[in-house]
Amino acid sequence: MTDLVWLIPLFPLIGFLINGLFGRSFPEKLIGWIGSGSVGASFVVAALIFVELVGMEPASRSLQKVVYTWMLSGDLNVPIGFLVDPLSMVMLLVVSGVGCIIHIYSIGYMHGEVGFRRYFCYLNLFVFAMLILVSANNFLLMFVGWEGVGLCSYLLIGYYYEKKSASDAGKKAFVVNRVGDFGFLLGIFLIFVTFGTLTFTDIFAAAPQKLTQGGELVTLITLLLFVGATGKSAQIPLYTWLPDAMEGPTPVSALIHAATMVTAGVYMVARLSLLYAMAPISMTVVAVIGGATAFYAATIGITQFDIKRVLAYSTISQLGYMFMACGVGAFASGIFHLMTHAFFKALLFMAAGSVMHALSGELDMRRMGGLKKELPHTHWTYLFGTLAIAGIVPFAGFFSKDEILFYAFERNAGFWIIGAVAALMTSFYMFRSVFMTFYGRPRLTPEAAHHLHESPPIMTVPLMVLAVLSLIGGFVGIPIFEGWHKFGEFLAPVFAPAQKVLKAGHAEGHHSLALELILMGTSLAIAIVGWLLAKWMYLSKPDVPDRVIDEFKGLHTLVYNKYWIDELYDFLFVNSIVNFSRFLWRRFDDLVIDGIVNGVASITLAWGRGLRLVQTGLVKDYALSILFGVVAVIGYLVLR
Amino acid sequence: MEFSSFPWLTFITFVPSVGAILLLFFRRDAHTAMRAVALVFMLADFVGSLAVYGLFNPSSGAMQLQEFREWVPTWGIAYKLGVDGISLFLVLLTTLLGPIVILASWEDIQYRVKEFLVSLLVLQTGMIGVFLALDLFLFYVFWEIMLIPMYLLIGVWGNPARRLYAAIKFVLYTIVGSLLMLVAILALYFMAGKANGVYTFDLFKLYEFAVPLKAQFWMFLAFFLAFAIKVPMFPFHTWLPDAHTEAPTVGSVVLAAVLLKMGTYGFIRFAIPLFPNAALDATWWICWLSLIGIIYGAWVAMVQPDVKRLVAFSSVSHLGFVMLGMFAFTVEGVEGSIVQMVNHGLSTGALFLLVGMIYERRHTRLIADFGGLSKVMPLYAVFFMIFTLSSIGLPGLNGFIGEFLVLLGTFKVHPWYAVIAASGVIFAAVYMLWMFQRVMFGEITNPKNLGLKDIGAREVAVLTPILIFVVWIGVYPNTFLRPMEPSVKNFLQMVDKKKTVVLEMEQTPSLPGVKTVASSSGARPAADVTVQE
């Protein structure tokens, strides 16, 4: 069965081709089910392979399948090859599983759109690229997926291409990602020059010989690759594209900009855990960037009124957590959070989409409120997602986030403090969104109130599935009790080499149960404080938020405007380059180079004109010039 | 005659000219018949080139299917053709585009159709001849032959406002370089003849002649100018935007797809192997000019208001990659460079075709005049998107293979050059996507764009063959890389070997007391040439 791993990405590609080439006259339903069915088929194959993998010895759960040799040139030999191991298995299951649910939801959400077929083509193409990304056995094929998801993200953000803001956002996403890819590409070159291969397993096998622990080379490689990760996973300083990416249809935000694509950077760092473990400086950089992003994005999340933007900043913040986990060496916890986050964040986005659907596209939470009664299913599923992300026991987010905070504390209390404060803000802004949307006094526009309706089952059933997953998804990773952390055990062989490097030189850390319980209690308390604070401010005393804003007007303006980072980037990079390019074109190309070219032509012409005056055709003139010539020659001979 | 002993190379070189002669007997107003004849001959040419591909032995790096006839024996001039892994795909690119340009101009050109088709057919002969010639004199003849029809294409069927300026600029720029090259060819001919006692223009015999360093420098410089103008390398590129913009659509297509490759091909076939020491010494400044070209072309492309000019400047950027990879002198770099030549021909050729299609409909090329075309021309939008992505270098399509190999090959020897070049990849995304957004996305603001017709069957037929190769190279590049590799390795070995021979020769002065002195160029110490002879 593992030999058939290539089927997993192939199905969505087939779906893309069928709908893309022949789907012109297909009815909406057929297009939707071809799209969803192809991803579902991938999930089934992935599940079968998963079962087979679990049946094997833990140590031998790493298999490769080469389909054909893709690029052969000089020393370079890149196969179209796949790697099946616990890490790629988790990713394959999450991507195809959550992907399938979101496809089905989209059939309802996108109903009646002019570009229905185009939407499903892009979505299938995206899943294809994403599955390639997470199952590739070498850097270059991974890069194919990496760029492929970036392309689909570009196309889907700009889905409503007639809106300028949408096509702008798509372009911004692509270009900012390209900046990250620049680093990724250089990292790949450096790997190839060092190892002579791009295949992961060969690189890991050779790493202890070719690289020195903490050496400059491995640090440079890992940092360059991390630049790529900051682009794709929207971390400081390349996060600016993700909030704008909310211009795309909401299921796209759920699939690409929450559950799957944006986690690619985390996956990459985890995949290369061994290399990162060998570069302590890079690990620290990853942890610091992750922690800083988690904190920074959360502050912005508090101030936003657009429900999707709140979720977008929350995504950036949660991705920061995952990177912080990787940076402190808890790779499995990072992937654990990646999985639970995929469940609850996809759920939150899709529930937000359901709210939008009910309110004829309204996004501003100031014009919502009291929707609990009219949208019962949307309400409870959104609430489940919020409980999960806030980290309320026993929802999925509690287990994964708590684990990250625990390892962060072990590494350095500073990371824990940042993480805990960010968790407080997370809980606050998420419950804020719940209360502003579903509770309190309705503040709807008359038009929205008129059309108010709960979404059809094709949308609410996927919500419920994800709500259940958000509730039980964490049970695979229960801490404290020996043998209950199935998730960690499953992934352990993948990260074993990295853990060995990290543990070397450190005494086996014996963490006390008491500490674990204290930290757990603290993070739960933090989540509840955030919840109660939001309840007090937005439910009990609705006038408090405005007073707070008035009190801290300067600060609020700064944060609400996202610290003016977009404007700063525009000024520094965009405008200056455009102006300089205009200068080059107008001054250098047109004036200097063409000036010389045309100048040579003009001079030649002028000479010609000048010499023409001599050619008068009158014999007396010629005789005169002969006379002058003779005089000159004789004069020269005489005076020599 | 047996299949394999048939002179296929002569066949594919001259079939278009036969078509051109045939066209002379047609009535001036029999437009469709003449177009059909031209199409048939171009198709026959393409089929002939497929036979060449079939007969080509991909595991050999030698010149294959060679043909030899005495031409002017007293002067050592011969008619000698041959194909290897380097020229094979450039020839195939040329023959593939032959029928496409005839088809693409079907409705565009309505004026002096006969002369137009004859020009295209003669041009085709000239271009294929340049890629196949193995005799310097023959090469020079083909090189100059193609100048005339191209001049006519721009000057007669171009955009009336500025076509004469553009055509003359194109010709003068090129001739300045070619004449210097002619001088260098003759100098090489006499120098080698004097040394060996046999005067010949045979490329292989000249390959074997070790040119003294100082002479190499000047000859390389002359060849460099001729080819660098053709490529075009920064700062010799200013003829290109004008020529592209003013030329009719198919003129731009042929110019971009094939004519520019003459420059890069000239380097790899003539300038570098003939003068390897000078070429290696020139590596650093040629690389820098290429890097400047990559970034400069991208930046200036970004601010162009005219789509055609934008694509023209993007060519400057793309050909920077070609030159960079070639001067890395690694297998990956040189193969990437050749793949990138083909890629640029396909992608940029297709982009010019696409621009031509909307120009035919709207008679404007200004980006500002468009906007929202996706709405009225959805099929066109799909093709435009794919070729844009191909040009940007998206993995899975052709552009990525070339760029990646070039960058990797360069990184192996000059990491910093690769870093700078890789940043050009970012800007490529900026200028192409920005243009695409302004032309295709947004609402239709100009009412003239509302009634635009989507592309029809003929236009789909024009674009689809290119699309097939764009995907093929991206998904299975080995079809193209395998036959290339032996020739590329040959090329690198030859350069390396000859370089050593020349250096050894220079280090064993034939006369005592000859000191190496810094030449006036200041580039390097060089021995006195006359002494060496």
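Residues numbered from 1 in each chain as written. Chains lettered and ligands numbered in written order. Predicted model: local features only at pLDDT ≥ 70, side-chain atom pairs only at ≥ 80, totals over all residues. Heavy atoms only, no water.

## Re the overall build of chain B
Okay, step 1: Along the backbone of chain B there are 21 helices and four strands.
Okay, step 2: Here the C-alpha atoms of chain B give a radius of gyration of 23 Å, agreeing with the 24 Å that 2.2 N^0.38 yields for 533 residues.
Okay, step 3: Considering only C-alpha atoms, chain B reaches an extent of 85 × 55 × 45 Å along its principal axes.
Okay, step 4: Expressed as a percentage of the 533 residues in chain B, the buried residues total 66%.
Okay, step 5: Within chain B, residue pairs in contact and separated by at least 24 positions form 80% of the contacts whose partners lie at least 6 positions apart.
Okay, step 6: Of the roughly 17500 Å² of accessible surface on chain B, a fraction of 69% belongs to carbon and sulfur atoms. (Helix = DSSP H or I, 4+ residues; strand = E, 2+ residues; numbered from the N terminus. Rg over C-alpha atoms; globule rule 2.2 N^0.38 Å. Buried < 20%, exposed > 50% of the residue type's maximum accessible area, 1.4 Å probe, protein only. Contact = heavy atoms within 4.5 Å. Areas by Shrake-Rupley, 256 points an atom, 1.4 Å probe, with all protein chains shown as cover.)

## Section: helix H3 (residues 85-104) of chain B
Residue and element names in this part refer to chain B.
Okay, step 1: Spanning 20 residues, H3 covers 29 Å between terminal C-alpha atoms, matching the ideal 28 Å at 1.5 Å per step.
Okay, step 2: Gly 98 marks where H3 bends most, by close to 25 degrees; the proline Pro 99 follows one to four residues later.
Okay, step 3: Of all the 20 residues making up H3, 19 are buried; the element is thus mostly covered by neighbouring parts of the structure. (Expected span 1.5 Å × (residues − 1). Bend = angle between axes of the 7 residues up to and from the residue.)

## Focus on the packing of helix H13 (residues 307-326) of chain B against helix H17 (residues 398-413) of chain B
Residue and element names in this part refer to chain B.
Okay, step 1: One way to put it is that H13 packs onto H17 with a least axis distance of 8 Å and a crossing angle of 40 degrees. Viewed along their axes, H13 and H17 adopt a mutual orientation that is oblique. Considering how the two elements wind past one another, H13 and H17 form a crossing that is left-handed. Packed against H13, whose contacting residues are Phe 321, Leu 324 and Gly 325, the element H17 presents Glu 403, Val 406, Leu 407 and Thr 410 at the interface.
Okay, step 2: Of the residues assigned to the contact of H13 with H17, the class counts are four nonpolar, two polar and one charged. (Axes fitted to C-alpha atoms, helices over the stretch in contact; angles between N-to-C directions. Parallel < 35°, antiparallel > 145°, perpendicular 65-115°, else oblique. Left-handed = near helix turned anticlockwise from the far one by under 90°. Nonpolar A, V, L, I, M, F, W, Y, C, P; charged D, E, K, R; others polar.)

## Section: the interface of chain B and chain A
Okay, step 1: At the interface, 60 residues of chain B touch 49 residues of chain A.
Okay, step 2: Between chain B and chain A, roughly 4900 Å² of surface is buried when both sides are summed, and carbon and sulfur atoms account for 71% of that area.
Okay, step 3: Of all residues in chain B, B:Val303, B:Phe404 and B:Phe411 give up the largest surface area on contact with chain A, accounting jointly for 12% of the area buried on that side.
Okay, step 4: Counting the contacts that link chain B with chain A gives three salt bridges.
Okay, step 5: Residues A:Asp594 and B:Lys169 are paired through a salt bridge, measuring 2.7 Å at the closest nitrogen-oxygen approach.
Okay, step 6: Along the contact surface separating chain B from chain A lie 26 residue pairs in polar contact (both at pLDDT 80 or more).
Okay, step 7: Sorting elements by how many residues they give to the side of chain B that touches chain A places helix H18 (residues 415-440) of chain B first, with 13 residues.
Okay, step 8: Its residues placed into classes, the side of chain B that touches chain A shows 41 nonpolar, ten polar and nine charged. (Buried area = accessible area lost by both parts, 1.4 Å probe. Salt bridge = Lys/Arg side-chain N within 4 Å of Asp/Glu carboxyl O. Polar contact = N/O pair within 3.5 Å; in protein donor to acceptor, adjacent residues only side chain to side chain.)

## Comments concerning the confidence of the model for chain B
Residues and elements named next belong to chain B.
Okay, step 1: With 95% of its residues at a pLDDT of 70 or more, chain B has an overall mean of 89.
Okay, step 2: Scored below 50 in pLDDT, residues 511-533 shows 31 contacts in the model against residues more than four places distant or in partner chains.
Okay, step 3: Interface confidence for the predicted complex, expressed as ipTM, amounts to 0.87; the pTM equals 0.90. (pLDDT = per-residue confidence, 0-100.)

## Notes on the environment of A:Gly183
All names here are of chain A.
Okay, step 1: Structurally, Gly 183 is set in helix H6 (residues 164-195).
Okay, step 2: Once the C-alpha coordinates of Gly 183 and Ser 253 are considered, the two residues, 70 residues apart in sequence, prove to be 25 Å apart.
Okay, step 3: If sequence neighbours within four positions are ignored, Gly 183 has contacts with Leu 224, Leu 225 and Val 227.

## Here we look at the pairing of strand E2 (residues 77-83) of chain B
All names here are of chain B.
Okay, step 1: E2 sits mainly inside the fold: seven of its seven residues count as buried.
Okay, step 2: Residue alternation in E2 divides its side chains into two sets, Ile 77, Tyr 79, Leu 81 and Val 83 and Ala 78, Lys 80 and Gly 82, and both sets are buried.
Okay, step 3: Counted between consecutive antiparallel strands, the loop separating strand E1 (residues 64-72) from E2 contains four residues, among which Gly 76 sits at a positive phi close to 70 degrees. (Pairing = 2+ DSSP bridges.)

## As for a nonpolar patch on the surface
All names here are of chain A.
Okay, step 1: The grouping of Met 1, Leu 4, Trp 6, Val 44, Leu 48 and Val 67 at the surface amounts to a nonpolar patch, some 470 Å² of accessible area in total.
Okay, step 2: Following the sequence through the fold, Val 67 ends up in strand E1 (residues 63-73).
Okay, step 3: Judged by relative accessible area, Val 67 falls into the partly exposed class, the value being 40%. (Patch = residues over 30% accessible without salt bridge, like charges linked within 9 Å, V, L, I, M, F, W, Y side chains within 5 Å.)

## What to know about the pattern of salt bridges
A side chain with one charge can pair with a side chain of the opposite charge if their charged atoms come near.
All names here are of chain B.
Okay, step 1: Inspection of the entire model under this criterion finds 34 salt bridges over all chains.
Okay, step 2: Across the salt bridge formed by Arg 28 and Glu 115, the nearest N and O atoms sit 2.9 Å from each other. Linking Arg 28 in the loop between helix H1 (8-23) and helix H2 (31-55) with Glu 115 in helix H4 (residues 113-132), this pair joins segments that are 87 residues apart in sequence.
Okay, step 3: Overall, Arg 28 belongs to the partly exposed group, its relative accessible area being 47%.
Okay, step 4: We note a salt bridge from Arg 458 to Glu 107, for which the minimum N-O separation is 3.5 Å. Of the two residues, Arg 458 is situated in helix H19 (residues 457-475) and Glu 107 in the loop between H3 and H4; the sequence distance between them amounts to 351 residues.
Okay, step 5: On the accessibility criterion, Glu 107 (48% relative accessible area) is partly exposed.

## With respect to the packing of aromatic side chains
Okay, step 1: Within this structure, the stated rule accounts for 78 aromatic pairs over all chains.
Okay, step 2: In this structure, B:Lys80 is placed above the aromatic ring of B:Phe204, and the distance from its NZ or CZ to the ring centre is 4.8 Å. (Phe/Tyr/Trp six-rings, centres within 6.5 Å; stacked < 30°, edge-to-face > 60°. Lys NZ or Arg CZ within 6 Å of the ring centre and 35° of its normal.)

## Section: the packing of H6(A) against H18(B)
Okay, step 1: At a closest axis distance of 9 Å, the pairing of H6(A) and H18(B) adopts a crossing angle of 170 degrees. Considered as vectors, H6(A) and H18(B) are oriented roughly antiparallel to each other. Crossing geometry of H6(A) relative to H18(B) is assigned as right-handed. For the pair H6(A) and H18(B), the contacting residues are A:Lys164, A:Ser167, A:Asp168, A:Lys171, A:Phe174, A:Val175, A:Arg178, A:Val179, A:Phe182 and A:Leu186 in the first and B:Val419, B:Ala422, B:Ser423, B:Val425, B:Ile426, B:Ala429, B:Val430, B:Leu433, B:Trp434 and B:Gln437 in the second.
Okay, step 2: Its residues assigned to classes, the contact of H6(A) with H18(B) comprises 13 nonpolar, three polar and four charged.

## Re the nonpolar core
Okay, step 1: Core analysis: the largest hydrophobic core is formed by 417 residues, its most contacted members being B:Phe220, B:Phe267, B:Phe327 and B:Phe404.
Okay, step 2: In terms of residue count, the dominant contributor to this core is helix H15 (residues 331-358) of chain A (19 residues).
Okay, step 3: If sequence neighbours within four positions are ignored, B:Phe327 has contacts with B:Phe220, B:Phe267, B:Ile272, B:Ala279, B:Thr283, B:Ile286, B:Cys287 and B:His414.
Okay, step 4: Core analysis: the second largest hydrophobic core is formed by 18 residues, A:Ala287, A:Ala325, A:Ala330 and A:Ala422 among them. (Core = buried A, V, L, I, M, F, W, Y, C linked by side-chain atoms within 4.5 Å.)

## Some words on helix H25 (residues 565-614) of chain A
Okay, step 1: Look at H25(A): 69 Å from first C-alpha to last across 50 residues, which is about the 74 Å you get at 1.5 Å a residue.
Okay, step 2: At A:Gly595, H25(A) shows its maximal bend, which comes to roughly 40 degrees.
Okay, step 3: Considered for burial, the residues of H25(A) that qualify are A:Asp566, A:Val578, A:Ser581, A:Leu584, A:Trp585, A:Asp589, A:Ile593, A:Asp594 and A:Gly599.
Okay, step 4: Of the surrounding elements, those touching the buried residues of H25(A) are H6 of chain A together with helix H7 (163-196), helix H10 (239-246), helix H12 (276-302) and H13 of chain B.

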